[in-house]
Amino acid sequence: DLRDRESVRDAVRDVDVVVHLAAAMQGDDAEHRAVTVRGTAHLLDAMVAAGVRRLVAVSSIAVYDVVSGDRRRPVDESCPLEPHPKRRDAYCRGKLAQEALIREWAERAGLEVVILRPGVVHGPGRRWSPRVGLRLAPRLWVIPAAFAPVPLVTRRSCARAIVLAAERSDAAGLALNVVDDGAPSRLKYARAIGRLEGSAPWLLVLPAWLVRPVGALMLGLIRLARGRTPSPGHFSRRGFAARFTPRSYANALIKERLGWTPCQSFEPGADGEGRRVDHG
């Protein structure tokens, strides 16, 4: 339990590298601060006390600012991080705070840190993603900007990246996107999920220019339903735009620096993973 300092201290004894994947996936800001941020602080403190110098920290592509700038440009590691976290959701805020904390400790304590930013990790039990669209009902799915790519990464591809980052001593100081090649469109991926689940949902496609107005409409409906203004999150205008603005994500740096081989195309199977195509 990352919230328990002693259990974290026990966990890092006699290890060479820490791979940190634990984080709050749901909940409000208090939950994300307790688990993602303070839990990471406990882990870093325990590592320094135990003399463990190497850390692979798994973050998320959610930390990027994808609303501003040239939308034709793939999002790579040089792109700016989200400058308005208060207008995003608690998960984004937690991951931004976690990364900042890790970088601060790395500089202060001389830790060797690699930050990995996976895309939408998919596999058995992890098919649907909020980045695909909105499930308004079991058989009614809304797909905004339907032909925009979904930045997928299979569980196997993500695991290979983590292992390489842990093994490579020359990777310290890097922040790396972890996304497979051959990203399918939202529409293609939604249809594939429907087939895998044995359903035939109605897919309501929204053009890209409607993304922000729909976000504002959803925020207004939530405000009316609850009688108060909700905390910014997935349905804030910026949060909604961050999820559905059509952007692609680059993976050239992780290929170059770690020698990572991604999945080359998306071919959904019964296990929910993509089919890996090796060339050469």
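Residues numbered from 1 in each chain as written. Predicted model: local features only at pLDDT ≥ 70, side-chain atom pairs only at ≥ 80, totals over all residues. Heavy atoms only, no water.

S.K.: Even after reading the chapter, I still don't get the overall build of the chain, so can you show me in this structure?
M.R.: Each helix and strand counted, the chain has eight helices and nine strands in total. Taking all 280 residues of the chain together, the buried fraction comes to 49%. For the chain, the share of sequence-separated contacts (at least 6 apart) that also reach a separation of at least 24 residues comes to 78%. Accessible surface, the chain as shown: approximately 13700 Å² in total, 54% of it carbon and sulfur. (Helix = DSSP H or I, 4+ residues; strand = E, 2+ residues; numbered from the N terminus. Buried < 20%, exposed > 50% of the residue type's maximum accessible area, 1.4 Å probe, protein only. Contact = heavy atoms within 4.5 Å. Areas by Shrake-Rupley, 256 points an atom, 1.4 Å probe, with all protein chains shown as cover.)

S.K.: Explain the sheet that holds strand β6 (residues 140-144) here, please?
M.R.: Hydrogen bonding along the main chain pairs the strands of a sheet, whether they run parallel or antiparallel. Strand order in this open sheet of three strands is β5-β6-β9, and the pairing throughout is mixed. Each end of this open sheet is capped by a strand with a single partner; those strands are β5 (134-137) and β9 (202-206). Across the sheet, the axes of successive neighbouring strands diverge by a mean angle of 25 degrees, strand direction being ignored. Across the sheet, helix α5 (residues 186-196) touches β5, β6 and β9, and the angle it forms with β6 is around 160 degrees. (Pairing = 2+ DSSP bridges. Axes fitted to C-alpha atoms, helices over the stretch in contact; angles between N-to-C directions.)

S.K.: Got a minute to help me understand the environment of V66 in this structure?
M.R.: One can find V66 in the loop between β2 (54-58) and α3 (90-109). Beyond its immediate chain neighbours, meaning those up to four positions away, V66 contacts V75, A242, T245, R247 and Y249.

S.K.: Hey, could you run me through the sheet that holds strand β8 (residues 175-178) in this one?
M.R.: The strand order across the open sheet formed by four strands is β1-β2-β3-β8, and the pairing between neighbours is parallel. The strands lining the two open edges of the sheet, one partner per strand, are β1 (17-20) and β8. Pairwise comparison of adjacent strand axes, ignoring direction, gives a mean angle of 20 degrees for this sheet. With four bridges connecting them, strand β3 (residues 112-118) and β8 associate as parallel partners. When the sheet's bridge partners are listed, L116 is paired in β8 with L176. On top of the sheet, helix α4 (residues 155-167) reaches β1, β2, β3 and β8; it is set at about 160 degrees to β2, its chief contact.

S.K.: I'm lost on the confidence of the model for the chain in this one. Help?
M.R.: Close reading of the predicted structure is inappropriate where its pLDDT is low. Taken over all residues, the pLDDT of the chain has a mean of 88, while the share at 70 or more is 88%. For residues 276-280, every residue scores under 50 in pLDDT, and the model assigns this stretch eight contacts once sequence neighbours within four places are set aside. (pLDDT = per-residue confidence, 0-100.)

S.K.: Explain α4 to me, please; I cannot follow it from the model alone.
M.R.: Structurally, the α-helix is built with 3.6 residues per turn, so residues lying three or four positions apart point the same way. Taking 1.5 Å as the rise per residue, α4 with 13 residues should run 18 Å; its terminal C-alpha atoms sit 18 Å apart, in good agreement. Three or more residues of α4 are buried, namely S157, C158, A161, I162, A165 and A166. (Expected span 1.5 Å × (residues − 1).)

S.K.: Just to check I follow, could you spell out the side chain of E82 for this structure?
M.R.: Secondary-structure assignment places E82 in the loop between β2 and α3. Under the relative-accessibility criterion, E82 is labelled buried at 6%. At 2.8 Å, the side chain of E82 and the backbone nitrogen of H84 are in polar contact. (Polar contact = N/O pair within 3.5 Å; in protein donor to acceptor, adjacent residues only side chain to side chain.)

S.K.: Where do I start with helix α2 (residues 29-50) in this structure?
M.R.: With 22 residues, α2 should cover 32 Å at 1.5 Å per step; its first-to-last C-alpha distance of 30 Å lies within 8% of that length. Of all the bends in α2, the greatest, near 30 degrees, is centred on R38. Those residues of α2 lying buried are H32, A34, V35, T36, G39, T40, H42, L43, L44, A46 and M47. Buried residues belonging to α2 abut α1 (5-11), β1, β2 and α3. For α2, the side-chain oxygen to backbone nitrogen distance between the N-cap and A30 is 3.2 Å, and the N-cap itself is D28. Just past α2, the residue G51 takes up positive phi, approximately 75 degrees. (Bend = angle between axes of the 7 residues up to and from the residue.)

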